[in-house]
Amino acid sequence: MKYRTIGTDPKTRREVSVLALGAMLFGSRTDEAISFAVLDRYVEAGGNFIDTSDNYAFWEDGSQGGQSEELLGRWRRSRGVGDEIVIATKLGARPLAPGTGYVDNPEGLSAKVIREAAERSRERLGVAKLDLLYAHIEDRKVPLQETVEGFAELVAEGTVGVLGVSNHAVWRVERARALASAAGLPGYEVLQYAHSHLRPRTDVPEDLFPDGSLGHAGAELLSYLRAEPGLTLIAYSPLLKGAYTRQDVPLPPDFDHPGSPARLKVLREVAKETGATVNQVVLAWQIGGELPILPLAGASSVAQLDENLAAVDLELAVEQRARLDAAH
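Residues numbered from 1 in each chain as written. Predicted model: local features only at pLDDT ≥ 70, side-chain atom pairs only at ≥ 80, totals over all residues. Heavy atoms only, no water.

A. The pairing of strand β6 (residues 130-135), seen in detail. The element β6 is largely enclosed, with a buried count of six among its six residues. With four bridges joining them, strand β5 (residues 86-91) and β6 adopt parallel strand pairing. Within the sheet, the bridge partner assigned to L91 lies in β6 and is A135. In this fold, β5 hands off to helix α4 (residues 111-125), which returns the chain to β6; that crossover is right-handed. In terms of strand pairing, β6 meets strand β7 (residues 160-166) through five bridges, oriented parallel. The residue of β7 that forms the bridge with A135 is V165. (Buried < 20%, exposed > 50% of the residue type's maximum accessible area, 1.4 Å probe, protein only. Helix = DSSP H or I, 4+ residues; strand = E, 2+ residues; numbered from the N terminus. Pairing = 2+ DSSP bridges. Right-handed = clockwise from strand over helix to strand, strands pointing away.)

Right, dumping it as structure tokens:
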């Protein structure tokens with residue numbers, strides 16, 4: 001396994017494995033036995049960076065979520081896991097009532113919610129401190145100052161370490177970071193956005209994003225990452241839910257456009273040259289690039305996890321990487 005530092009404060013920063021394990025469906029679609037087996041194998045391989053959220057996976061059963069955090073808490077207790085494993089969670093997108101969702105009825109990012117939701121996550125996970133806590137989605141009904149101060153209070157109290165943000169407009173991230181900096185408070189240092197080798201259209205309106213998706217790491221976010229060396233991008237959905245390799249899983253609609261075939265062609269060529277799978281090439285391309293990008297991949301079996309883990313040691317040639325970068 002290889003590792004990278006997230007966060008800049010010596011008191012809260014952590015060394016995390018370059019491949020993060022997504023636990024979104026653990027405890028719901030992925031049953032406890034398989035979830036525990038995947039978690040055990042990940043740790044055995046040197047992995048120490050697990051990602052969840054307080055609303056995972058509310059859509060599976062019409063609940064408010066919490067199944068993933070609860071399962072991770074049971075796994076931690078049964079295995080005697082301590083703070084050597086970094087668990088990241090998120091708040092802000094938990095539905096306020098069963099049968100609702102984060103578009104129509106999210107908990108939001110008020111100071112009260114931040115405090116109470118973080119406390120509930122710590123209880124479910126069985127931890128005294130949340131190593132990395134994200135603002136999951138935007139809340140434009142609450143002043144950014146209140147959100148910034150709400151997160152900073154938890155860091156000051158020692159119940160939260162590093163702060164992160166996901167699915168926000170880049171200008172909102174920068175504004176929040178500027179407010180934090182001006183007040184001498186900790187700000188967002190980890191950005192979690194969808195990112196893969198294929199590039200999506202970002203102009204397609206969605207329920208959460210009426211102007212087009214703010215959830216993908218596009219050119220503006222990547223240029224922001226390049227300009228701010230203290231930031232790290234955690235890339236979710238790097239494998240497009242299996243669409244790279246499974247015939248029964250089509251490309252998501254926002255990736256089905258004229259720009260995708262050329263990038264798919266190069267991916268398959270490099271996979272053939274290296275003897276790796278296309279999935280492994282995608283992950284290796286992210287891990288070994290010049291920008292600090294850590295892929296976040298889920299796994300519903302130990303075999304899937306092992307395929308992903310092998311990508312950590314896949315070294316792409318300079319020429320191969322150049323072709324992957326340039327394809328369009």
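B. How the structure looks around helix α1 (residues 32-44). Between its first and last C-alpha atoms α1 spans 18 Å; for 13 residues at 1.5 Å apiece the expected length is 18 Å, and the two agree. Every buried residue belonging to α1 is among S35, F36, V38, L39 and Y42, and all of these are buried. One side of α1 carries all its buried residues, which in axial view fall inside an arc of 160°. Along α1, exposed side chains directed more than 90 degrees from the buried face belong to A33 and E44. If you follow the buried residues of α1, they end up packed against β2 (14-17), β3 (20-22), β4 (49-51), α3 (67-79) and α10 (302-310). Where α1 starts, the residue carrying a side-chain oxygen 3.2 Å from the main-chain nitrogen of A33 turns out to be D31. One or two steps after α1, the chain reaches G46, where phi turns positive at roughly 100°. (Expected span 1.5 Å × (residues − 1). Arc of directions from axis to C-beta. Contact = heavy atoms within 4.5 Å. Polar contact = N/O pair within 3.5 Å; in protein donor to acceptor, adjacent residues only side chain to side chain.)

C. Broad picture of the side chain of N308. With respect to the helices and strands, the residue N308 is situated in helix α10. In this structure, N308 is in contact with L19, L239, L283, A297 and G298, ignoring residues within four places of it in sequence.

D. Spatial organisation of the pattern of salt bridges. Counted by the stated rule, this structure contains 24 salt bridges. The residue D203 makes a salt bridge to R201 at a minimum N-O spacing of 3.0 Å. Here D203 falls in the partly exposed class, since its relative accessible area comes to 46%. Residue R226 is joined to E290 by a salt bridge in which the shortest nitrogen-to-oxygen separation is 2.9 Å. Of this pair, R226 sits in helix α7 (residues 219-227) while E290 is found in the loop between α9 (278-287) and β10 (293-298), placing the two residues 64 residues apart along the sequence. By relative accessible area, R226 is classed as exposed at 52%. One connected set of salt bridges, linked through shared partners, spans K265, E269, E273, E319 and R323. (Salt bridge = Lys/Arg side-chain N within 4 Å of Asp/Glu carboxyl O.)

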